[in-house]
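# What the coordinates show
Residue strings, one per chain:
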Amino acid sequence: MFKKFTGILNSAVEALAPNASPVDNFTFHWKAVTSFFMEHRDAKSPIEETNIPTHLQNMIDILIYEEQQDDSGSTGPCMEYLLHHKLLETLYTIGRADCPPGMKQKVLLFFTSLLSKIKQPLLPHVNVFKAVHKLIRVCGEIKASPTEVEEMQFLCTVCAKLKAHPHVVNFFLEEARSSAANISAKADSNAQEFGLVDALLSMSYSADSRVAMKCCEGLILLTSLPEDAAATAILDHTKFLHEITTWLNTAYNHLPRSIDPAVVDGVEARWGIDHIKMSEAAFPGQRHIVNFLSLFDYCNILIKEAHSKISKALVLAIRKQFLEPAMKPDLLKDSEEQFIAPSAYLAKVLQFVNTDLLNQEMSNFIFEVDLESDLRSLSRTLIERCDDPSEMVGSLHLKLFDSLLQKPCEVTVYELVAKYLVSRAYADQSKLNSEEKSVSHTETSINTQPSPASPSLSHPGTPVSPDLETEYAQLFECNNENEPTPVTTIVNHYLNLVPESIKSSYQLADSGYEVYLNDACKQFSDINLLCSSWAWSADCALLQNEEEFFEGPFLRILFGRIAQMTEQSYSTNLLLTSLISKVALLPHQNIHEYLLDPFLPMKEGVTNLCTAFNELLNLVTVHCKNCKNISQKLIKKRNLLMGVFGGDLSDITADEDRFLGAIIVLEEFCKELAAISFAKHHIIF
């Protein structure tokens, strides 16, 4: 009561006193703070029961007002007083002691307000950055500290200032303190520590998700600084890489080990979104899955924004310290119950990858590029599971490779497909030598550099007319004008592959392949640009060899599944055709002709997409004889898939339903292949 009366009396005296200068007011408030500590050395009362918070806030207000009144940008007398008399050093000392209780919080708020609200650069001043540096060391010392919110705000403010003025970071790099745990720092006299990063890493373990997230944002700011010295200090003299991979390992170890892959595929997560509470989870383990995927998304952001040295080191650390020791052993387990969940998590992670560096390292991990060929087991195992008798296992691994080819890198394409086709051992060289001069089936080569312009491809005819083909060929002068282009024949081949008697799209307004053409053009333009820097030859290899052709395990499984489409579910067939379409879009000449050119002379016994289609159509012909009213049933099934049918389906058995779905997928897939062939030819030429 007496203290409150004293405060009121002081306020009244200040109101009645003559107007003092800003410097006098500033020094008055500062002396009021220091005099309190001289008179109350062992104060136990909370800071809120004193006038110290008011004096500190008034000091900030005076400094802000002083800066607003001076448009020249020079340092005012109040700021000069603060710098010259080392006020921040003194505040750090009394804040460190936290006496009276709560003083540390007020000091943190004072530093934060000073750095964030004063526009002139303060950190380069020796009496500022020294005090700031000392206060940084205090942050994160105590777990679940009552001041962790203020500590987080202070650290993030310093990070924002360093991001705005990157050169200032050199003031925050100090000589590494030698210790038994840091032998390299002891040996290197130029080693520098980065205490701000250590403080943020420590506070990132806060139970308050908001505090942890803000500290992670601060790490993004610091790792993105362009200064090489800062990047080196982060990598060599902080636990940054270790902590990031520890987070991933911890989150992965908490994932449920028995879960439906479809459930994992349906989980949506982005870093920065509040974590799901246990009571809000739609299924057991959802919170842990969201947490794991959010962390991976955070790694994406770090790799994208960070200094190039940090990005490269981080992706390598993720592989060496997380993927290989944690995920790989689980993926290689023999029991379906043990490998199904890890495979589902890997497939989901591949969907989250959106940086080239991480995408490349994920491919290196899957295909084990640094191992001898006879030691590679992961890629072989994952590919073999695409043909697993269990539909769940097969579909999951098809989905995994579909995600991998969604954003392909050179390693992925080479290991899956290209390395088996580069020798062109599939082609009958004797027939090619006699036909290539007269027929231009292989005259058209895939150039990985797109033309500066492309003709309008809107509303092409179905099938493609020879006149239109000739017009485009003459326009771009891609072939000898006396030689016909093969794309007309190729497109018409795919459009006529499915017999008319079992086509069901004729009733639709947009029943031709042109419905796929816009997407094919966009997708091929994107993939063509992505592959433009890859080390691919523009022409087919013409090696004179008699080696036995092997299309590779991946294509062999895909072709085998094409032939078995009538025995597979609708969703599996969609995945299968999606995968083949992604491979067919690749601007690699050998892949292009092997997959898409049905008239290329092949060696006897060579299996390709054309032979797989023939095998499938033979089965379809046999099944059609046993299916009554197949045309009407196909129309019913198509309408059902389009969501426009609510009639009676009792006349369609389960086996017929699967069979009808396969025919519809096949018909649409052929139109898609026709669109891809047409788009690739005309975009390039």
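Refer to the preceding data block for the structure.
In this report, the structure presented in the accompanying data block is examined. All of these numbers come straight from a predicted model, not from anything done at the bench.

## Overview of the overall build of the chain
Within the chain, the regular secondary structure consists of 31 helices and two strands. Buried residues in the chain amount to 53% of all 685 residues. When contacts within the chain are restricted to residue pairs at least 6 apart in sequence, long-range pairs at least 24 apart make up 77% of them. Summing over all exposed atoms, the chain offers an accessible surface of approximately 32400 Å²; the carbon and sulfur share of this is 52%.

## As for the nonpolar core
Phe154, Phe194 and Phe401 are the most contacted members of the largest nonpolar core, which has 211 residues in total. Sort the elements by how many residues they give to this core and helix α31 (residues 654–684) lands first, with 17 residues. Not counting chain neighbours up to four residues away, the residues in contact with Phe194 comprise Val169, Phe172, Leu173, Leu222, Ala230, Ala233, Ile234 and Thr238.

## Thoughts on the pattern of salt bridges
Applying the stated rule across the entire model yields 22 salt bridges. In this structure, Lys104 and Glu151 form a salt bridge, with 3.1 Å as the shortest nitrogen-oxygen distance. Residue Lys104 is located in helix α6 (residues 103–117), and its partner Glu151 is located in helix α8 (residues 148–164); the two are separated by 47 residues in the primary sequence. There is no split in this pair, since Lys104 and Glu151 are both buried. Connected through salt bridges with shared partners, the residues Arg638, Glu667, Glu668 and Lys671 form a single ionic network.

## Focus on the state of the cysteines
On inspection of all chains with the given rule, the structure shows zero disulfides. With no disulfide of its own, Cys139 lies 9.0 Å from the sulfur of Cys215, the closest cysteine sulfur. With a relative accessible area of 5%, Cys139 lands in the buried category. For the unlinked cysteine Cys215, the closest cysteine sulfur is that of Cys156, found at 5.6 Å.

## Details of the environment of Ala425
Mapping Ala425 onto the fold places it in the loop between α21 (410–421) and α22 (429–435). For the pair Ala425 and Glu547, spaced 122 residues apart in sequence, the C-alpha to C-alpha distance is 6.6 Å.

## What to know about helix α29 (residues 609–625)
Here α29 spans 25 Å end to end across 17 residues, near enough to the 24 Å set by a 1.5 Å rise per residue. Every buried residue belonging to α29 is among Leu609, Cys610, Ala612, Phe613, Leu616, Leu617, Val620 and Cys624, and all of these are buried. Down the axis of α29, the buried side of the element spans an arc of 145°, and every buried residue falls inside it. Opposite the buried face of α29, by more than 90 degrees, sit the exposed residues Asn618 and Lys625. N-cap assignment for α29: the residue whose side-chain oxygen lies 3.1 Å from the backbone N of Cys610 is Asn608.

## Comments concerning the packing of α29 against α31
Interhelical geometry of α29 versus α31 gives an angle of 145° and a closest axis separation of 12 Å. Our pair here, α29 against α31, has a crossing hand that is left-handed. For the pair formed by α29 and α31, the contact residues are Leu609, Phe613, Leu616, Leu617, Val620, His623 and Cys624 on the first element and Phe659, Ile663, Leu666, Phe669 and Leu673 on the second. Split by residue class, the contact of α29 with α31 holds eleven nonpolar, one polar and no charged.

The rules behind each value
Residues numbered from 1 in each chain as written. Predicted model: local features only at pLDDT ≥ 70, side-chain atom pairs only at ≥ 80, totals over all residues. Heavy atoms only, no water. Helix = DSSP H or I, 4+ residues; strand = E, 2+ residues; numbered from the N terminus. Buried < 20%, exposed > 50% of the residue type's maximum accessible area, 1.4 Å probe, protein only. Contact = heavy atoms within 4.5 Å. Areas by Shrake-Rupley, 256 points an atom, 1.4 Å probe, with all protein chains shown as cover. Core = buried A, V, L, I, M, F, W, Y, C linked by side-chain atoms within 4.5 Å. Salt bridge = Lys/Arg side-chain N within 4 Å of Asp/Glu carboxyl O. Disulfide = S-S within 2.5 Å. Expected span 1.5 Å × (residues − 1). Arc of directions from axis to C-beta. Polar contact = N/O pair within 3.5 Å; in protein donor to acceptor, adjacent residues only side chain to side chain. Axes fitted to C-alpha atoms, helices over the stretch in contact; angles between N-to-C directions. Left-handed = near helix turned anticlockwise from the far one by under 90°. Nonpolar A, V, L, I, M, F, W, Y, C, P; charged D, E, K, R; others polar.

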